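Remarks on the overall topology
Spelled out, the chains give:
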Amino acid sequence: VYLLKSRTSRTITDCSVDVSDAMFVYNWIFIAGAPAPYCMYASDANGDCDYNVADPVYLINYIFRDGPGPLHYCSANPAVAKPFLPAVELIVRSTFDGENTHIEFITSAPFDIHGIQLEIACDNPVQGLEVVNLTGDMNLIADSRSSNIYLGMIDFSGNGYIPSGNNTFAEIYLEGEIDIAGLDAVVADINGRACPVEWVPVVKQLPERFTLEQNRPNPFNPTTEISYSLPEASGVRLDVFNIMGQKVATLVDKYQEAGIHNAVWNGRDDNGRQVASGIYFYRMNADDYTETKKMILMK
């Protein structure tokens, strides 16, 4: 028993292998500054001569499903060799709304995924990282360091997983426009075997149609934001009118690329004068598309 314990990354010397060992290795992989394993070689629980999310998954399989025990040293274990499993496709979709970047991560896998590890290299420093876990049962941890994002998913109870087939398992929100420059991924099956991952290059999603959104907030004081979508590059004009139908201000009058855009009205006319409280209308014209919506300025 002590031999098995020494093969894992222990935080306490109780001479047993338990879920705390899986958590210890998992935290060491994903959290900056987390303590290193008691013995570095001990974190390679599945003996494939690598340190990644497959190792805590291997331990969980041993603890909860009577799987094989941790190996004593790196053995290039043929049972967990990467060529043993077919490749998993990782699909990444990205949108930018003019202020923030939204990234979706989708797996296309022929088997259930019990652990996933992502290291995402961005083209700019990461700010305002928010991560949404869409699996329900798996534990998610995320960290950012400069221009890199580290994301890991596993279920320490041994029950949660990402089902086979196509599944969106996580979403990331970032401040500003961020593009993914590179991505390293590890995916593990129920037995703690790491498999090859084929990354499908980022697909930037474009709107399917012209739309003009309701301003936010509404009512407002003193400023409000108006979002609109362009499925193709177009000349755009966005005007504000008073209840008499008189033009008060022009917010946008230029050619813009396809995508989601934002305009802000500060409650002033084209001459910089503050307008009175009341009902106003804003109208967007782009190619053959015209849409008008109502907003309320309250003081």
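I will try to describe carefully the structure that is included in this document. Predicted, not measured: the structure shown is a model, and the values here were computed from it.

Picture the strands of a sheet paired through backbone hydrogen bonds; they go either parallel or antiparallel. Overall, antiparallel pairing links the three strands, which are arranged β11-β12-β15 in an open sheet. Lying at the two open borders of the sheet, with one neighbouring strand each, are β11 (211-212) and β15 (259-265). Bridge count between strand β12 (residues 224-230) and β15: seven bridges; the pairing is antiparallel. Across the sheet, Ile226 pairs through a bridge with Ala263, a residue of β15.

This brings us to the nonpolar core. Counting residues in each nonpolar core, the largest one holds 28 residues, and the members touching the most others are Phe105, Ile113, Leu118, Ile120, Phe169 and Ile172. If we ignore the near neighbours within four places in the chain, the residues touching Phe105 are Ile91, Val92, Leu118, Ile120, Asn167, Thr168, Phe169, Ala170, Ile172 and Leu183.

Taken in spatial order, the five strands line up as β5-β6-β3-β8-β9 in an open sheet, and their pairing is antiparallel. Strand pairing shows two members of the sheet lacking a second neighbour, β5 (139-145) and β9 (194-195), which therefore form its edges. As paired elements, β5 and strand β6 (residues 148-154) share seven bridges and run antiparallel to each other. Directly across from Arg145, in β6, lies its bridge partner Asn148. Here helix α2 (residues 19-30) sits on the sheet and contacts β3 (115-122), β5 and β6; the angle it forms with β5, its principal contact strand, is near 30°. Across the sheet, helix α3 (residues 54-65) is in contact with β3, β6, β8 (180-188) and β9; its angle to β6 comes to roughly 10°.

Conventions and cut-offs
Residues numbered from 1 in each chain as written. Predicted model: local features only at pLDDT ≥ 70, side-chain atom pairs only at ≥ 80, totals over all residues. Heavy atoms only, no water. Pairing = 2+ DSSP bridges. Helix = DSSP H or I, 4+ residues; strand = E, 2+ residues; numbered from the N terminus. Core = buried A, V, L, I, M, F, W, Y, C linked by side-chain atoms within 4.5 Å. Buried < 20%, exposed > 50% of the residue type's maximum accessible area, 1.4 Å probe, protein only. Contact = heavy atoms within 4.5 Å. Axes fitted to C-alpha atoms, helices over the stretch in contact; angles between N-to-C directions.

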